[in-house]
Protein chains: 4
Amino acid sequence: MPDTQHTMDASADMNDLRMSEAARPLYDHVRKFIKETVNPMSEEFHRLGEGKTDIWSYAPGQLECLEKAKDEAKKQGLWNFFLPDAETGEGLSNLDYAYIAAELGKNPMASESMNCSAPDTGNMEVLERVGTPAQKEMWLKPLLEGKIRSAFAMTEPGLPSSDAKNVSMTAVLEGDEWVLNGEKFYISGAGDPRCKIMITMVKTSPNAEPNKQQSQILVPLPHPGVTIVGPMHVFGDPDAPHGHMHLRFENVRVPKDNMLLGEGRGFEISQLRLGPGRIHHCMRSIGQAERALDLMCVRGMTRTAFGKPLVKLGGNTEIISRARIEIEAMRMMVLKAAKAMDVLGNREARVWISMVKAMVPERVCQIIDQAIQMHGAAGVSQWTPLAQMYTSQRTLRLADGPDEVHHMVVGRAELAKYTGEEEDPALAAVWRK
Amino acid sequence: MPDTQHTMDASADMNDLRMSEAARPLYDHVRKFIKETVNPMSEEFHRLGEGKTDIWSYAPGQLECLEKAKDEAKKQGLWNFFLPDAETGEGLSNLDYAYIAAELGKNPMASESMNCSAPDTGNMEVLERVGTPAQKEMWLKPLLEGKIRSAFAMTEPGLPSSDAKNVSMTAVLEGDEWVLNGEKFYISGAGDPRCKIMITMVKTSPNAEPNKQQSQILVPLPHPGVTIVGPMHVFGDPDAPHGHMHLRFENVRVPKDNMLLGEGRGFEISQLRLGPGRIHHCMRSIGQAERALDLMCVRGMTRTAFGKPLVKLGGNTEIISRARIEIEAMRMMVLKAAKAMDVLGNREARVWISMVKAMVPERVCQIIDQAIQMHGAAGVSQWTPLAQMYTSQRTLRLADGPDEVHHMVVGRAELAKYTGEEEDPALAAVWRK
Amino acid sequence: MPDTQHTMDASADMNDLRMSEAARPLYDHVRKFIKETVNPMSEEFHRLGEGKTDIWSYAPGQLECLEKAKDEAKKQGLWNFFLPDAETGEGLSNLDYAYIAAELGKNPMASESMNCSAPDTGNMEVLERVGTPAQKEMWLKPLLEGKIRSAFAMTEPGLPSSDAKNVSMTAVLEGDEWVLNGEKFYISGAGDPRCKIMITMVKTSPNAEPNKQQSQILVPLPHPGVTIVGPMHVFGDPDAPHGHMHLRFENVRVPKDNMLLGEGRGFEISQLRLGPGRIHHCMRSIGQAERALDLMCVRGMTRTAFGKPLVKLGGNTEIISRARIEIEAMRMMVLKAAKAMDVLGNREARVWISMVKAMVPERVCQIIDQAIQMHGAAGVSQWTPLAQMYTSQRTLRLADGPDEVHHMVVGRAELAKYTGEEEDPALAAVWRK
Amino acid sequence: MPDTQHTMDASADMNDLRMSEAARPLYDHVRKFIKETVNPMSEEFHRLGEGKTDIWSYAPGQLECLEKAKDEAKKQGLWNFFLPDAETGEGLSNLDYAYIAAELGKNPMASESMNCSAPDTGNMEVLERVGTPAQKEMWLKPLLEGKIRSAFAMTEPGLPSSDAKNVSMTAVLEGDEWVLNGEKFYISGAGDPRCKIMITMVKTSPNAEPNKQQSQILVPLPHPGVTIVGPMHVFGDPDAPHGHMHLRFENVRVPKDNMLLGEGRGFEISQLRLGPGRIHHCMRSIGQAERALDLMCVRGMTRTAFGKPLVKLGGNTEIISRARIEIEAMRMMVLKAAKAMDVLGNREARVWISMVKAMVPERVCQIIDQAIQMHGAAGVSQWTPLAQMYTSQRTLRLADGPDEVHHMVVGRAELAKYTGEEEDPALAAVWRK
């Protein structure tokens, strides 16, 4: 057995998965805020949206209702705490954030209420680290204040997004402007009327070495050259008005200064966001699984068939037991991956992140699916949040590298303990995106 | 080992699963018609619907396009062949129909094109067998001609549909009219503007013995007392304009003569439809699984990642192999259950039907899910039919008795071989609905 | 979707899975004989063996007890009926034999009682088809009479048996004798003191083309040059006195005339045995699964815990239901593969055989495992036949090509429908062994 | 969602899963000792046993070989460290011991080499806590010195061991002696010629309340009244000479002073051992899983088929990835359960222990099974340790409460968060045994 095993088993710090003392008050505060402010607000928000005819706008009162919660969060100091090691944020470690994100996962509106929702989080992080003062003033500031929303345009139709070299959208410098042409899809949030800025991955230097060909450029929205071809449905649901949009770029002209960091540095920027992004998703997935289990238990105790509550029929108690066991196992794995990022850095922690990314959404899907089954026909309807939770977690198994690619990362890392081989460059690229 | 085992293993006729010689020309004809007429028509139909704003109506040209295919089907004699042993139909056995239904399952518009789509099929069968001459003239005739569509209202919110005694909607005779009050949901097809008649399960005789309390009454649509509360979504999709509607009945008055067969005979009528209905669904599910496997293979051979077609990566070839094996196993089971219905009758074949109902949709869901995974993000979108196929098959695991109830039927029948015990009456009721 | 699909779905004869009228009396007779003669005999046989000290011999009375059952079988005409299309046999089709083999699978001593047990069956078939009159007189005759037993030596330590080119044992002609050197392992039956002849796969022509290098030679046992290195254990069980032996051949000299068919024709001979051999195993596996389900039901109804019979606790009824469903599905698949061999021939039926080989032992293992779980600690002990049934079915997943190889055959055949590609020669070789 | 959830998610100490600084040198020392002393010794031990004829004794040299390792362990201070909080031990917390036990699990002879093997560990703990000075002198001392071995007799044939009230063996006081009559089975270690003492659970007070009827009595071995009926096989393997014996007690007379703690206090004593015993098994299971994965990787990289190493074929890399992920998840869960015992006490930690007991052996079985599959036929033989590892882990799913009972504990605890209900007394009894 290779000796490297040793390190993984028992290294001193990796297994201290406690929340820091400093973060606990924030954690408790967030829980309280979700319970007292977000939960009632989200019910009101959905009630207001019921009669809506144009699915791509907000109903009267909806945004006000949300803004009120955001103001309250700001007032209570529950704002932008996702930002790591930053003056603007709380300086939470990934581990601390993991605890809080699991709570955020229990209500889909919790993140936005405290200005901690994707893709804004990643965009703000990028702008803060690599933005020019002018870019920060123009885009970061309103984002940090929750005044606008944003999008991140990477995935393209027809190209496997798991291979990072696959960017075909071009940007050519003409005079003082970059001119962008191409298509992107699954651009989440680009349907929201409040979405005003989009970080866009383009190919600027086709003759450079493979990981120096890409750049990231800021495209303000709406833009005359950017057409919404349509929303990508997720299991038939356009997820309006947020939307996962299919966009066409035709001679989209933006000022030269909208380039982030510099030509050919697109990959470099991506490295900042992908590790944490993946782990944030999985953290929230734990919260989703908790909620599914909660709904499953309540339904199972209150619904009767053949004269008994459902939990007393067939294998239902065992289903609940297995869900609890798997949630606890997943929680520990997410905490450990977060700790690995804190201790080892994003790159060294990548196998832990891939483990979690390959493990969590798949199992959470199963738990939600079992909760649906316990609800009968109502389980697939809009009368419970389960169907939407399912499609969101199912999609997560395909986003940011499908399960299979993460299993390749983990499996090859295991074998590399014996051979000491360099990682496959194509797989490594999954992490450079 | 109980001797009853013997019969199941080797009874003479049960294992002759050949299509009859008489049915083969029809089978071949249907295949040809789907390929040459239905497939191009359904593409045209979807294209026409793309710009539609009111999701609850048809776009200009859509119905004409469909009607043209229906006319062609009628002209070619491919019409109403679902009707068993009837002058109007082809007199197909369940076994013969199983072969054809698997083909119908490959295109969701195939059934309607040949006037063989649910819930019209069940409604037409019921009307033909128990309708009065006047009822037949008024409703069966236009249904057989494909001029109108219909719905069947059984399931109610708040009551487990797996227990057949659970009907709370009332119908009270006032003078020459039945007056209906209550709620129904998941009423498929009730959103279609062409839906003109609905067979409605009501409680008319609360003091009779449990299975004599129910009746079935014809309710014409639209009706001033029937309000569409809203569509039940299926994983966020309202499935418009067909729809699975939530309906409120407030003092809905229909003529006394709209009663089917007679007061208190609602269960009796249901027995006519449920066995075949369940098996028809499973037959079409085989077609769905074939289509998912087809899409999986094509995608796997044409999409490349890391320099190879997907089918050469990881366990994908084994996934394809397992799908093929399971499809063949399911096909044989569906054929056997159909044969059991032909040989033993619906009631005696009920364990076979439950076996198939518990087995097929669950596994077909898995196969479609794997096809989705092979497609990446496009797999959950509207760019392939997979997401819709998934939600439809997933819902089938809850409709007409959830998997768990059918496993109870099968498990208890197995144990009853040893004890000779009577079947649990509550479970038997699943079959009386 | 490729048109070849059509054939598989609905070809006329393939789905007539009835036992022939001619075979039914034999089938009924075999069932009666197992119940009345084999079952009591096998209990007596095991009782006699209980005090045994030398595990590699039979206890006094054991063989007499078995011989008496064999005499009875011979007297009743239940003898050698495995032989297909032969004067000596019953001329059973593979389909008819499948029904009977499922019965044989329910008691491990049933096959030998009627002289239908592996590897004798394959050896007798080979000798009958390709043996010289002298070879038949010397070895086939006593085998057909049940006077001796035999072995088949193919697998070698250190070489993957799934690749048929992997034979390293040499046989060199010196004068009138072949001289064999090398090692074989997992030689089933070579531990039995009654085993007198072994068909041995050797490499005689290393310079010929790959599938002409091998020959099969008859080696009488015991032989001074053949050393039993030891028994291969199966999960710790040496399976004495039958044994799966590891043998060393050192200058083993046999007459030139012991060659079967001719030099370089070893593969050709193997083609005769592998298809049917694989399917016979799977047929018996169905019987094993039936027995496991029977034991599971009886245990579940008679054992109580927490005041209830086990079948009323947790998911046990569903486990029983799933087992019944899977057994029926597997049965139909085995019958279909047998039919395919009858209709299409062994070679054309190979994908069906691989489907069954990949499907059946894996699932039967799961069913037996669940029966073990229902029995508690007794389930892994010698107090039930379950543990032995498990290890035997588990081993079957590795024998005659591991599951993975058969899934490759099936998966590639599916893809070949689209490409029309020739089969991979290496995989084809799996079938030439 | 019930607020109790909170505690489980984020309690301050429960997630500090670091090994203590004090334990690390011992941990490192144990690893070194296994590598340098135990591994070579166990190879020698098995070599010496190869020619053995009497399986129920040790071959010449075997015990000397083992004793030499034990002496070395004693000399190096690696002795009896399992004892918690005791002068004689190292005072390891359960958490610290968990790390070490995972190492012990990698070689089945490691535990005994350092006098930390079951059932001696449990017996020594019990004797130390409740033994009289005379009992300690007579039995604890030689056990602590590794001079003798011991057994624990609880399970009886015909009674479900998961229900703790099921003890039928009687002990009646006649004068100065207890007289025991009855049967026990699965008495591990009772076949070992060195086994000199057996703690025996008996019913002494049939009229007392259910959990006061039992007592534990010391029975010296060999004893004229104790007959070894035979060994219980585990998948055909008698596991000689250790053995899992079936024993008959006929008028077994032992001195009155052999009673432990006092009449009617048998359950009370059991509480001391069951929690830790279950968790120790699971700790070692992690080591077994690590070893299985190690064997799987080595085999997969060195064995080729179809021209490639096995790890590059089919889904094998994903199988390795999933095994790694599940091992890490299980490891964290075992560490957490151990920590729960340290922080909350055995009784309060019981749900965590049940979670681990229900989760770990089942998954470790799957991982070992996959390692077997990767080895082909050799995987089930004595040529690798995998088959024995499998049967041992498979048996663990039935020992100390089968999986199903632990899932009931976990599932009901989950539901009790909502109802605040008292635990089912029958389930609670699982923990009193």
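Residues numbered from 1 in each chain as written. Chains lettered and ligands numbered in written order. Predicted model: local features only at pLDDT ≥ 70, side-chain atom pairs only at ≥ 80, totals over all residues.

## With respect to the overall build of chain A
When helices and strands are tallied, chain A shows 13 helices and nine strands. Taken along its principal axes, the extent of the C-alpha atoms in chain A is 75 × 65 × 45 Å. Relative to its full complement of 433 residues, chain A shows a buried share of 58%. The contacts of chain A with a sequence gap of at least 6 include a subset with a gap of at least 24, amounting to 72%. (Helix = DSSP H or I, 4+ residues; strand = E, 2+ residues; numbered from the N terminus. Buried ≥ 20, exposed ≤ 12 C-beta atoms within 10 Å, placed from the backbone. Contact = placed C-beta atoms within 7 Å.)

## Some thoughts on the relation of the copies chain A and chain D
Rotating chain A by 180 degrees and moving it 0.0 Å along the rotation axis overlays it on chain D with an RMSD of 0.1 Å. Such a combination of rotation and displacement between the chain copies is what one expects of a two-fold axis. Across chain A, the smallest distance between a C-alpha and the rotation axis is recorded for A:Asp16, namely 2.2 Å. Interface overlap between copies is the fraction of interface residues in one copy that are interface residues in the other; for chain A against chain D it reaches 97%, indicating a shared surface. (Least-squares fit on C-alpha atoms with pLDDT ≥ 70 in both.)

## Quick word on the interface of chain A and chain D
In this assembly, 39 residues from chain A lie in contact with 39 residues from chain D. Looking at the side of chain A that touches chain D, the elements that each hand over two or more residues are α8 (266-302), α9 (316-344), α10 (350-375) and α12 (403-419) of chain A. In terms of residues, the side of chain A that touches chain D owes the most to one element, α9(A), which gives 13 residues. Of the residues belonging to the side of chain A that touches chain D, the class tally is 23 nonpolar, five polar and 11 charged. (Nonpolar A, V, L, I, M, F, W, Y, C, P; charged D, E, K, R; others polar.)

## Regarding helix α11 (residues 386-396) of chain C
Residue and element names in this part refer to chain C. Taking burial as the measure, the 11 residues of α11 include 10 buried ones, the bulk of the element. What α11 keeps buried is the set Leu 386, Ala 387, Met 389, Tyr 390, Thr 391, Ser 392, Gln 393, Arg 394, Thr 395 and Leu 396. Packed against the buried residues of α11 are α8 (266-302) and α10 (350-375).

## A few points about the nonpolar core
Of all hydrophobic cores here, the largest spans 535 residues; its most connected members are A:Val334, B:Val334, C:Val334 and D:Val334. Residue contacts for A:Val334: discarding those within four places in its chain leaves A:Ala98, A:Ile279, A:Cys282, A:Met283, A:Ile286, A:Val356 and A:Val360. (Core = buried A, V, L, I, M, F, W, Y, C linked by C-beta atoms within 7 Å.)

## Some words on the relation of the copies chain B and chain A
When chain B is brought onto chain A, the operation consists of a screw motion whose angular component is 180 degrees and whose axial shift is 0.0 Å, with 0.1 Å RMSD remaining. Take the interface residues of chain B: 100% of them recur as interface residues in chain A, which is what a same-surface contact looks like.

## Considering the packing of α10(C) against α11(C)
All names here are of chain C. For the pair α10 and α11, the least separation of the axes is 9 Å and the interaxial angle reads 160 degrees. On the basis of their axis angle, the class for α10 and α11 is roughly antiparallel. Handedness of the crossing formed by α10 with α11: left-handed. Across the interface between the two elements, Pro 361, Val 364, Cys 365, Ile 368, Asp 369, Ala 371, Ile 372 and His 375 from α10 touch Leu 386, Ala 387, Met 389, Tyr 390, Gln 393, Arg 394 and Leu 396 from α11. Residues belonging to the contact of α10 with α11 are distributed by class as follows: 11 nonpolar, two polar and two charged. (Axes fitted to C-alpha atoms, helices over the stretch in contact; angles between N-to-C directions. Parallel < 35°, antiparallel > 145°, perpendicular 65-115°, else oblique. Left-handed = near helix turned anticlockwise from the far one by under 90°.)

## Comments concerning the confidence of the model for chain A
All names here are of chain A. Per-residue confidence for chain A averages 90 on the pLDDT scale, and 92% of its residues sit at or above 70. Per-residue pLDDT stays below 50 along residues 4-10; that stretch engages in five contacts with residues further than four places along the chain or on separate chains. Counting interchain partners and residues more than four positions distant, the pLDDT-below-50 stretch residues 429-433 has 18 contacts. Across the assembled chains, the prediction reports ipTM 0.92 with pTM 0.94. (pLDDT = per-residue confidence, 0-100.)

## Considering the domain arrangement of chain A
Residues and elements named next belong to chain A. What the domain assignment reports for chain A is domain 1 (24-144), domain 2 (149-260) and domain 3 (268-430). Between the C-alpha centres of domain 1 and domain 2 the distance comes to 24 Å. With five residues, the top contributor of residues to the side of domain 1 that touches domain 2 is helix α6 (residues 120-130). When the residues that make up the side of domain 1 that touches domain 2 are grouped by side-chain class, the tally is nine nonpolar, five polar and one charged. (Domains from an automatic or database assignment.)

## Focus: the UniProt feature "domain: Acyl-CoA dehydrogenase/oxidase C-terminal" (unreviewed entry) in chain A
According to UniProt, the feature "domain: Acyl-CoA dehydrogenase/oxidase C-terminal" (unreviewed entry) maps to residues 264-413 of chain A in the numbering used here. Taken as a whole, residues 264-413 of chain A contains 76% helix and 3% strand, while its terminal C-alpha atoms sit 29 Å from one another. (UniProt positions renumbered as here; feature names shortened; annotations may be inferred.)

## Re the environment of B:Lys70
All names here are of chain B. Following the sequence through the fold, Lys 70 ends up in helix α3 (residues 62-76). A residue is classified by how many C-beta atoms lie within 10 Å of it, and Lys 70, with 21 of them, is buried. Counting along the chain gives 40 residues from Lys 70 to Ala 110, while the straight-line C-alpha distance between them is 9.8 Å. Filtering out sequence-adjacent residues up to four positions away, Lys 70 remains in contact with Ser 113, Asn 115 and Gly 146.

## Examining the environment of B:Thr132
Considering the arrangement of structural elements, one finds B:Thr132 in the loop between α6 (120-130) and α7 (133-144). For B:Thr132 and B:Thr53, which are 79 residues apart along the polypeptide, the C-alpha to C-alpha distance reads 41 Å.

## Some points on the environment of B:Ile199
Structurally, the position occupied by B:Ile199 is in strand β4 (residues 195-203). Here the alpha-carbon distance between B:Ile199 and B:Lys74, two residues 125 residues apart in the chain, equals 26 Å.

## Observations concerning helix α7 (residues 133-144) of chain D
Residues and elements named next belong to chain D. For α7, built from 12 residues, the straight-helix expectation of 16 Å at 1.5 Å per residue is missed by more than 12%, its first-to-last C-alpha distance being only 14 Å. What α7 keeps buried is the set Trp 139, Leu 140 and Leu 143. Down the axis of α7, the smallest arc covering the buried residues is 90 degrees, so these residues share one side. Summarising the geometry of α7, the exposed residues directed more than 90 degrees from the buried face are Pro 133, Ala 134 and Glu 137. Once α7 ends, the next one or two residues include Gly 146, with phi positive near 75 degrees. (Expected span 1.5 Å × (residues − 1). Arc of directions from axis to C-beta.)

## A word on the pairing of strand β5 (residues 214-220) of chain C
Residues and elements named next belong to chain C. Most of β5 is tucked away: six of the seven residues are buried. Bridge count between strand β4 (residues 195-203) and β5: seven bridges; the pairing is antiparallel. Looking across to β5, one finds that Met 198 is bridged to Val 219. (Pairing = 2+ DSSP bridges.)

## Structural notes on unusual backbone geometry
Backbone torsion omega between A:Ala118 and A:Pro119 reads 0 degrees, so that peptide bond is classified as cis. By the element assignment, A:Pro119 lies in the loop between α5 (110-113) and α6. Note the cis peptide between C:Leu221 and C:Pro222, where omega equals -10 degrees. Secondary-structure assignment places C:Pro222 in the loop between β5 and β6 (226-231). Of note, the phi angle at C:Asn251 is positive, near 45 degrees, even though the residue is not glycine.

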